[in-house]
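Observations on chain architecture
Residue strings, one per chain:
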Number of protein chains: 2
Amino acid sequence: MKALLLIAHGSRRQNSNDEIRQLTLNLKQSGGNGFDLIDCAFLELTTPGISEQIDKLVDEGATEVILLPYFLAAGHHVVKDLPVFSEQAKVKYPEVSFILTEHIGANAGMLPLIMQLAQR
Amino acid sequence: MKALLLIAHGSRRQNSNDEIRQLTLNLKQSGGNGFDLIDCAFLELTTPGISEQIDKLVDEGATEVILLPYFLAAGHHVVKDLPVFSEQAKVKYPEVSFILTEHIGANAGMLPLIMQLAQR
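Bear in mind the structure is a predicted one, so any value in this text is a computation, not a measurement. (Residues numbered from 1 in each chain as written. Chains lettered and ligands numbered in written order. Predicted model: local features only at pLDDT ≥ 70, side-chain atom pairs only at ≥ 80, totals over all residues. Heavy atoms only, no water.)

**Looking at the sheet that holds strand β2 (residues 37-42) of chain A**
Residue and element names in this part refer to chain A. Selection rule: At least two bridges found by DSSP between two strands are what make those strands a pair. Secondary structure elements follow DSSP: runs of H or I no shorter than four residues count as helices, runs of E no shorter than two count as strands, and numbering proceeds from the N terminus. Axis lines are fitted to C-alpha atoms, over the contacting stretch for helices. Their N-to-C directions set the angle, which ranges from 0 to 180 degrees. Contact criterion: two residues are considered in contact whenever any of their non-hydrogen atoms come within 4.5 Å of each other.
If you trace the four strands from one edge of the open sheet to the other, you get β2-β1-β3-β4, paired in parallel fashion. Of all strands in the sheet, those with a lone pairing partner are β2 and β4 (97-100), marking the two edges. Sheet twist, expressed as the average angle between the axes of neighbouring strands with direction ignored, equals 20°. Strand direction decides the pairing type here: strand β1 (residues 2-8) and strand β3 (residues 64-69), joined by six bridges, are parallel. Residue A3 lies in a different strand from β3, and its bridge partner there is V65. Lying on the sheet, helix α2 (residues 50-59) is in contact with β1, β2, β3 and β4; it crosses β2 at an angle near 165°. Against the sheet, helix α3 (residues 76-92) makes contact with β1, β3 and β4, and its axis sits at roughly 170° relative to β4, the strand it touches most.

**Quick look at the interface of chain A and chain B**
The cut-off we apply is this: Once two parts are joined, some of their accessible surface, as seen by a 1.4 Å probe, is lost; buried area is that loss totalled over both. Whenever a carboxyl oxygen of Asp or Glu lies within 4 Å of a side-chain nitrogen of Lys or Arg, that contact is scored as a salt bridge. For the purposes of these results, a polar contact is taken to be a pair of N or O atoms within 3.5 Å, where, inside protein, one atom must be able to donate a hydrogen and its partner to accept one; residues adjacent in sequence count only when each atom of the pair is a side-chain atom.
In this complex, chain A contributes 43 residues to the contact, which on the side of chain B involves 43 residues. Counting the surface lost from both chain A and chain B, the interface buries some 3,600 Å², and carbon and sulfur atoms represent 69% of this. Counting the contacts that link chain A with chain B gives two salt bridges. A salt bridge links E102 of chain A to R120 of chain B, with the shortest nitrogen-to-oxygen separation between them at 3.0 Å. Taken together, the links from chain A to chain B amount to twelve residue pairs in polar contact (both at pLDDT 80 or more). Within the residue set of the side of chain A that touches chain B, elements represented by two or more residues are β1, α1 (14-29), β3, α3 and α4 (110-118) of chain A. When residues in the side of chain A that touches chain B are grouped by element, the largest group, eight residues, is from α4 of chain A.

**What to know about the packing of helix α2 (residues 50-59) of chain B against helix α3 (residues 76-92) of chain B**
Packed helix pairs are specified by the crossing angle of their axes together with the interaxial distance, meaning the distance between the axes. All names here are of chain B. Our working rule: Working rule for handedness: look at the near helix, and if it is turned counterclockwise from the far one by less than a right angle, call the crossing left-handed; if clockwise, right-handed. For this classification, Asp, Glu, Lys and Arg are treated as charged, while Ala, Val, Leu, Ile, Met, Phe, Trp, Tyr, Cys and Pro are nonpolar and the rest, including Gly, are polar.
Taken N-terminus to C-terminus, the directions of α2 and α3 make an angle of 35°; their axes are 10 Å apart at the nearest point. The hand of the α2/α3 crossing is right-handed. Packed against α2, whose contacting residues are I50, S51, I54 and D55, the element α3 presents L82, F85, A89 and K92 at the interface. Considering only residue class, the contact of α2 with α3 consists of five nonpolar, one polar and two charged.

**Remarks on the sheet that holds strand β3 (residues 64-69) of chain B**
Residues and elements named next belong to chain B. Strand order across the open sheet formed by four strands is β2-β1-β3-β4, with parallel pairing between neighbours. Edge positions in the sheet fall to β2 (37-42) and β4 (97-100), since each has one partner strand and no second. Strand-to-strand twist in this sheet, taken as the mean axis angle between neighbours without regard to direction, amounts to 20°.

**Topic: the relation of the copies chain A and chain B**
What counts here: A least-squares fit on C-alpha atoms brings the copies together, and the residues used are those whose pLDDT is at least 70 in both copies.
Once turned by 180° and shifted 0.0 Å along the axis, chain A lies on chain B with an RMSD of 0.0 Å. With respect to symmetry, the two chain copies, as superposed, fit the operation of a two-fold axis. Taking the C-alpha atom as reference, chain A places L72 of chain A closest to the rotation axis, 3.6 Å from it. Taken as a fraction of all interface residues of chain A, those also at the interface in chain B reach 100%, which identifies the copy contact as same-surface.

In structure tokens, the structure reads:
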């Protein structure tokens, strides 16, 4: 059972966190693209947290979890904090496969997206 | 003369800031897509700042400046801070047109980008 966990920074502004939750819903509603479970987690400032959501996905039967950092640049959080969560999850659930992807900002597809928005 | 200013948060980690600078270079090298000038600015933690870069673009002859918030969610910075910079620029340079776009995370194109990264 394959799961996708979108990991965002989290904000003090609830509308901002709701935007991530809505995006997660949109991802689910888009058909899941091969993922049985899709959820989001926040690094700080709001909940649910990353460990909590990993526990939930494993409880729900995930055997493979893709951890996707929804961050634009590889700052301290991406480089230092997120790998710790990934390593802890591997130790806690050795029977589950955890894959921490690149952050979304490293995606070459950001370029056309920027130009599309700039030219609107 | 049309200018695009990509506005990022800024990080204490220089590699992260360099990633934004490299992205800006890539945007320029992609042909500019109708923009004569393309640059980036940082809200905090590093330089150049937003006001400084707006001054530079106007000095270079920009008559229209697209201010593009390179942020994933509409947190405090996007909702409160960036409009202030935009309004200040309009007052300082009434002969120049400033347009503050949506933040990049509001772009519907983020969905396929996430799935592309998740499925790699």
